[in-house]
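Residue strings, one per chain:
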Amino acid sequence: ILGTSHTRTYVKEHSIVDPEEKKMELYSTNITLTNLVSVDERLVYRPHPDNPEVTVLTQEAIITVKGVSLSSYLEGMMALRMSANARKGWDAIEWIIQNSERENVPLCELY
């Protein structure tokens, strides 16, 4: 999309797990292609306030495309892609929870 030969991109991620509040926050930012695009993302997983058996995911992202024509179009495309990828992250969290329950391993030990 950005006209580059890079096939790999690297992202720095910081995770915070709060077992008492049953909350997990993930912060990520790209460390490659920063001269073309900047992506800062925050995901928060927490129990639903009315039903603690349900998890609420909040996703926020700031996407800035630099020095490319049609930057707002590219920012929109990247936002859609990130939204689709959030489902993959959700599936991974669900897998961890299901396997930790099956193995009787506390979730905090998996991180």
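The structure contained in this document is the topic of the report that follows.

Scoring rules and cut-offs
Residues numbered from 1 in each chain as written. Predicted model: local features only at pLDDT ≥ 70, side-chain atom pairs only at ≥ 80, totals over all residues. Heavy atoms only, no water. Pairing = 2+ DSSP bridges. Helix = DSSP H or I, 4+ residues; strand = E, 2+ residues; numbered from the N terminus. Salt bridge = Lys/Arg side-chain N within 4 Å of Asp/Glu carboxyl O. Buried < 20%, exposed > 50% of the residue type's maximum accessible area, 1.4 Å probe, protein only. Core = buried A, V, L, I, M, F, W, Y, C linked by side-chain atoms within 4.5 Å. Contact = heavy atoms within 4.5 Å. Axes fitted to C-alpha atoms, helices over the stretch in contact; angles between N-to-C directions.

In this structure, strand S1 (residues 11–18) lies alongside strand S2 (residues 23–30), joined through eight bridges in antiparallel fashion. Paired with Lys12 across the bridge in S2 is Thr29. The turn joining S1 and S2, which pair antiparallel and follow one another in sequence, is formed by four residues; a positive phi near 55 degrees is taken by Lys22.

The next thing to look at is the pattern of salt bridges. Within the structure shown, the criterion is met by three salt bridges. Across the salt bridge formed by Glu25 and Arg42, the nearest N and O atoms sit 3.3 Å from each other. Taken together, the residues Glu25 in strand S2 and Arg42 in strand S3 (residues 37–47) connect sequence positions 17 residues apart. A relative accessible area of 10% places Glu25 in the buried class. Under the relative-accessibility criterion, Arg42 is labelled partly exposed at 27%.

This paragraph deals with the nonpolar core. Among the nonpolar cores identified, the biggest contains seven residues, and these are Leu33, Leu36, Val37, Val39, Ile63, Val65 and Met82. Those elements that place two or more of their residues in this core are S3 and strand S4 (55–65). With sequence-adjacent residues up to four places away left out, Met82 is seen in contact with Val39, Glu41, Gln59, Ala61 and Ile63.

The four strands lie next to each other as S1-S2-S3-S4, forming an open sheet whose pairing is antiparallel. A single partner strand is all that each edge strand has here, and the edge strands are S1 and S4. Going across the sheet, the axis of each strand differs from the next one's by a mean of 10 degrees, ignoring polarity.

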